[in-house]
Amino acid sequence: MSRQDVLKAWHDHLALGLRRSPHTVRAYHKAAERLLTRTDFSSFEQVAGLTAGKLRTHLAARRADGLSNASAARELSALKSFVSYCRAQAGMDVTDAPRLRGPRLKKGLPRPVSPDDAMGLAETVEALSAEDWTGARDRAVLLLLYGAGMRISEALSLTGEVLPMGDTITVTGKGNKQRVVPIVPLIREAIDDYVRKSPWPFGKGDPLFRGVKGGVLSQGVVQKAVARARRALGLPDTATPHALRHSFATHLLGAGVDLRSLQELLGHASLGSTQIYTKVDAATLLDTYRSAHPRERDD
């Protein structure tokens, strides 16, 4: 077996077996290629025999090449997957693969969108949809994220049991923690519009949001719809479905909602998770200051 044989098998495993995105396939393939070149390995068995020390030496050399913390973390993730794959191909126990900790990454602040952009995304997603009912569906999902602060997984896990939708619904979030979520009239109207247009029945145990074949709507479908809408609106890549939940939190905090109430609305287990939005609001205020203050403009 040659080095190219190993790399091709790895590529096919990622692209065809795991169906990873082209970007991930390229990045993981390149990381494996660098490892094989630096170590002069050319077989599954050689890679499978890598120790934590040798892998750490390789990563140190990569850091010496100028790799950032974020890039080093991605490289380590790719190499862990590659070594595990090689161990499986060599008939070795995958659970005994070398264990290394990646560099600590500074958690970035969420980037909210403006209220106008949030509503623009919901309206544009509906306008660009191929079918009337799927457009109404996607608009309703996005309004739940922005208007009720729900996680996309929470919205897509709703069933017909929430119908007819009242002023509040009970949502099950992370760790099976339940919370009461207020539903404003705009969201109720969007849900009602979607239910009227949908070709599917809504029994109590049926999914509320369905794909075109009747199954549970996937997050990927919503993410792709939002990507099309943000391109049409000229919004940045940070305008994602999850950014709408961030926007819900940031805008409520800016309107004077206290942290404890916001924690309950978001379903955070700890207040510390909610406090990040105080930093977001401060960052937004600073951006506004810089764009509006005469001295900043003069500079």
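Placed above this text is the structure.
What counts, and at which threshold
Residues numbered from 1 in each chain as written. Predicted model: local features only at pLDDT ≥ 70, side-chain atom pairs only at ≥ 80, totals over all residues. Heavy atoms only, no water. Axes fitted to C-alpha atoms, helices over the stretch in contact; angles between N-to-C directions. Helix = DSSP H or I, 4+ residues; strand = E, 2+ residues; numbered from the N terminus. Parallel < 35°, antiparallel > 145°, perpendicular 65-115°, else oblique. Left-handed = near helix turned anticlockwise from the far one by under 90°. Contact = heavy atoms within 4.5 Å. Nonpolar A, V, L, I, M, F, W, Y, C, P; charged D, E, K, R; others polar. Salt bridge = Lys/Arg side-chain N within 4 Å of Asp/Glu carboxyl O. Buried < 20%, exposed > 50% of the residue type's maximum accessible area, 1.4 Å probe, protein only. Expected span 1.5 Å × (residues − 1).

Caption draft 1: Spotlight on the packing of helix H7 (residues 132-148) against helix H9 (residues 185-197). H9 packs onto H7 with a crossing angle of 155° between their chain directions and a minimal axis gap of 8 Å. As far as their axial angle goes, H9 and H7 are roughly antiparallel. At the point where H7 passes H9, the crossing takes the left-handed sense. In contact with Asp132, Trp133, Ala136, Arg137, Arg139, Ala140, Leu143, Leu144, Gly147 and Ala148 of H7, H9 contributes Leu186, Ile187, Ala190, Ile191, Asp193, Tyr194 and Lys197. Its residues assigned to classes, the contact of H7 with H9 comprises eleven nonpolar, one polar and five charged.

Caption draft 2: Summary view of the pattern of salt bridges. Taken as a whole and assessed by the stated rule, the structure comprises 16 salt bridges. Between Arg188 and Asp167 there is a salt bridge; the shortest N-O distance is 3.1 Å. Placement of Arg188 in helix H9 and of Asp167 in the loop between helix H8 (152-156) and strand E1 (168-172) is noted, with a sequence separation of 21 residues between them. On the basis of relative accessibility, which here comes to 56%, the residue Asp167 falls in the exposed class. Here Asp193 and Arg196 are joined by a salt bridge, their closest N and O atoms 3.5 Å apart. In this pair, Asp193 and Arg196 are both assigned in helix H9, three residues apart and thus about one turn of the helix distant. Overlapping salt bridges, with partners in common, bring together Asp132, Asp193, Arg196 and Lys197 in one network.

Caption draft 3: Expanded view of unusual backbone geometry. Leu163 connects to Pro164 through a cis peptide bond whose omega is -10°. With respect to the secondary-structure elements, Pro164 resides in the loop between H8 and E1.

Caption draft 4: Broad picture of helix H5 (residues 69-89). Here H5 contains 21 residues, and its C-alpha end-to-end distance of 30 Å stays within 8% of the 30 Å for a straight helix at 1.5 Å per residue. Turning to H5, its buried residues number three or more, namely Ala72, Ala73, Glu75, Leu76, Ala78, Leu79, Phe82, Val83, Tyr85, Cys86 and Arg87. Contact partners of the buried residues in H5: helix H1 (3-17), helix H2 (22-39), helix H3 (44-48) and helix H4 (52-64).

Caption draft 5: Highlighting the environment of His58. Here His58 is to be found in helix H4. When the C-alpha positions of His58 and Thr39 are compared, they lie 8.3 Å apart, and in sequence the two are 19 residues distant. Beyond its immediate chain neighbours, meaning those up to four positions away, His58 contacts Arg34, Leu35, Arg38, Glu75 and Leu79.

Caption draft 6: Structural view of the packing of helix H6 (residues 115-128) against H7. At a minimum axis distance of 7 Å, the contact between H6 and H7 shows a crossing angle of 160°. Taken as axis vectors, H6 and H7 run roughly antiparallel relative to one another. The handedness of the crossing between H6 and H7 is right-handed. Residues Pro115, Ala118, Met119, Leu121, Ala122, Glu123, Val125 and Glu126 of H6 touch H7, and the partners they reach there are Gly135, Ala136, Asp138, Arg139, Leu142, Leu143 and Tyr146. For the contact of H6 with H7, the residue count by class is ten nonpolar, one polar and four charged.

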